[in-house]
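Structural overview
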Amino acid sequence: MEKQVQTFLNSDLLQKYLVGDISSEESKEVEHFISNYPEAAEAYEKLQDNLEIIAKAGAVDLPKDLLGDILNSLDESSDTKVIHLTQERKTPWYSFAASAAAVIFAVTSFMFYQKNEELKNENNVVVEEIFDLRSDIQNNNSKLDDLSRELLKLNNPDAKKYVINGNERAKNLKTVAYINSVEKTSMIDVVTLPQLPKEQQYQIWAELQDKMVNLGILDESDRRLKQIPYMEDALALSIKIGTKGDNANENDTEVAEISLKDN
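Fair warning: this is a prediction, and the values are worked out from it, not measured in the lab.

This part takes up the sheet that holds strand 5 (residues 212-218). Pairing in this open sheet of 4 strands is antiparallel, and the strands run 5-4-7-8 from one edge to the other. Whereas interior strands pair on both sides, the edge strands pair on one side only; in this sheet they are strand 5 and strand 8 (253-259). Taken pair by pair, the neighbouring strands of this sheet meet at an average axis angle of 25°, ignoring direction. Bridging between strand 4 (residues 200-207) and strand 7 (residues 236-243) involves 8 bridges; their strand directions are antiparallel. Across the sheet, the residue bridging to Q200 is T243, located in strand 7.

Below, the structure is given as structure tokens:
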């Protein structure tokens, strides 16, 4: 029902009702909304107040000698008997005409004002959408540039590809490492990682001649190319399961390993 009231308020039925330019069916609809919905009644009162303000602002005082000029003109141009109007008459006909003209002018001005405001609001919305679209295009271009750079790294003839598959403890595990010994860069692509208990996590290690070095955590939600530290003279890469919050331990359960010297 709130949506129906909002649709009614966004239409021009209230303005048409105010100036009398409305069908009987539309008039019944407007009176129904004004009687039953405070929002419609408040909007109608506001329209009336605004109309009164505009009418006062557009009102023009009539010249005092206008009546005399009109009467003289009638006397000179007519051979028939003319009923002379006197200045004591309370409501001259031209006062009604002037008032009607002022009201029509005020209503027209108010409707043009409202339409202008609506156009301004629509224009602001269009401008904001254009800025959002430009921002989206810039973000997409930035992502495409990043992806292009990553593809260049992967297709670099100096980059070696190492597929790391899981052992019996993690049969569905699969990751791919790209190591470029010329540019000294290492990247890993997480393909599949079996789900672990909440307290555990996957860690990637590099095996050197005399020690093991932890290169970071692999997360199953991290399904993208990930930069990892490049280790000079690394003999192998391995993936282990460790406990979250504990210091990395090279004796953690190993679930995958690949030699870097055999390729």
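Next up on the list: the nonpolar core. Residues L173, Y202, L218, L237 and I239 are the most contacted members of the largest nonpolar core, which totals 27 residues. Of all the elements in the fold, those that place two or more residues in this core are strand 1 (159-165), strand 2 (174-180), strand 3 (185-192), strand 4, strand 5, strand 7 and strand 8. Each residue touching Y202, except ones within four places of it in the same chain, is listed here: L173, L193, P194, L196, G216, I217, L218, I239, K240, I241 and V255. Counting residues in hydrophobic clusters, the runner-up holds 13 residues, among them V5, A41, Y44 and L47.

Here we take up the packing of helix 1 (residues 2-10) against helix 3 (residues 24-36). Between helix 1 and helix 3, whose axes approach to 12 Å, the crossing angle comes to 125°. By the angle between their directions, the pair helix 1 and helix 3 is classed as oblique. In terms of crossing hand, the pair formed by helix 1 and helix 3 is left-handed. Across the interface between the two elements, Q4, V5 and F8 of helix 1 pack against E29, V30 and F33 of helix 3.

This part is about the pattern of salt bridges. Tallied over the entire structure, the rule returns 3 salt bridges. For E168, the salt bridge is made with K171, and the minimal N-O distance between the two is 3.4 Å. Using a relative accessible area of 60% as the deciding quantity, one classes K171 as exposed.

This part takes up a negative patch on the surface. Together, E2, E39, E42, E45 and D49 give the surface a local cluster of negative charge. Note that E45 resides in helix 4 (residues 38-58).

Moving on to the environment of Q201. You can see Q201 is positioned in strand 4. Using a relative accessible area of 13% as the deciding quantity, one classes Q201 as buried.

Within the structure shown, the criterion is met by 3 aromatic pairs. Where F8 meets F33, the ring centres are 4.2 Å apart and the plane angle is 5°; that geometry is what we call stacked. One end of the pair, F8, is in helix 1; the other, F33, is in helix 3, with 25 residues separating them in the sequence. Both residues of the pair, F8 and F33, count as buried. Every member of this aromatic cluster is reached through a ring pair, and the members are F8, F33 and Y37. The ring of W205 is capped by K240, whose NZ or CZ atom sits 4.9 Å from the centre of that ring.

Before going further, it helps to spend a moment on the sheet that holds strand 3. Read from one edge of the open sheet, 4 strands run 1-2-3-6, paired in antiparallel fashion. The strands lining the two open edges of the sheet, one partner per strand, are strand 1 and strand 6 (225-228). When the angles between neighbouring strand axes are averaged without regard to direction, this sheet yields 25°. By the bridge criterion, 7 bridges tie strand 1 to strand 2 in an arrangement that is antiparallel. Across the sheet, residue N165 finds its bridge partner in strand 2, namely K174.

Cut-offs used in this document
- Residues numbered from 1 in each chain as written.
- Predicted model: local features only at pLDDT ≥ 70, side-chain atom pairs only at ≥ 80, totals over all residues.
- Heavy atoms only, no water.
- Pairing = 2+ DSSP bridges.
- Helix = DSSP H or I, 4+ residues; strand = E, 2+ residues; numbered from the N terminus.
- Axes fitted to C-alpha atoms, helices over the stretch in contact; angles between N-to-C directions.
- Core = buried A, V, L, I, M, F, W, Y, C linked by side-chain atoms within 4.5 Å.
- Buried < 20%, exposed > 50% of the residue type's maximum accessible area, 1.4 Å probe, protein only.
- Contact = heavy atoms within 4.5 Å.
- Parallel < 35°, antiparallel > 145°, perpendicular 65-115°, else oblique.
- Left-handed = near helix turned anticlockwise from the far one by under 90°.
- Salt bridge = Lys/Arg side-chain N within 4 Å of Asp/Glu carboxyl O.
- Patch = residues over 30% accessible without salt bridge, like charges linked within 9 Å, V, L, I, M, F, W, Y side chains within 5 Å.
- Areas by Shrake-Rupley, 256 points an atom, 1.4 Å probe, with all protein chains shown as cover.
- Lys, Arg positive; Asp, Glu negative; His and termini not counted.
- Charge placed at Lys NZ, Arg CZ, Asp CG, Glu CD.
- Phe/Tyr/Trp six-rings, centres within 6.5 Å; stacked < 30°, edge-to-face > 60°.
- Lys NZ or Arg CZ within 6 Å of the ring centre and 35° of its normal.

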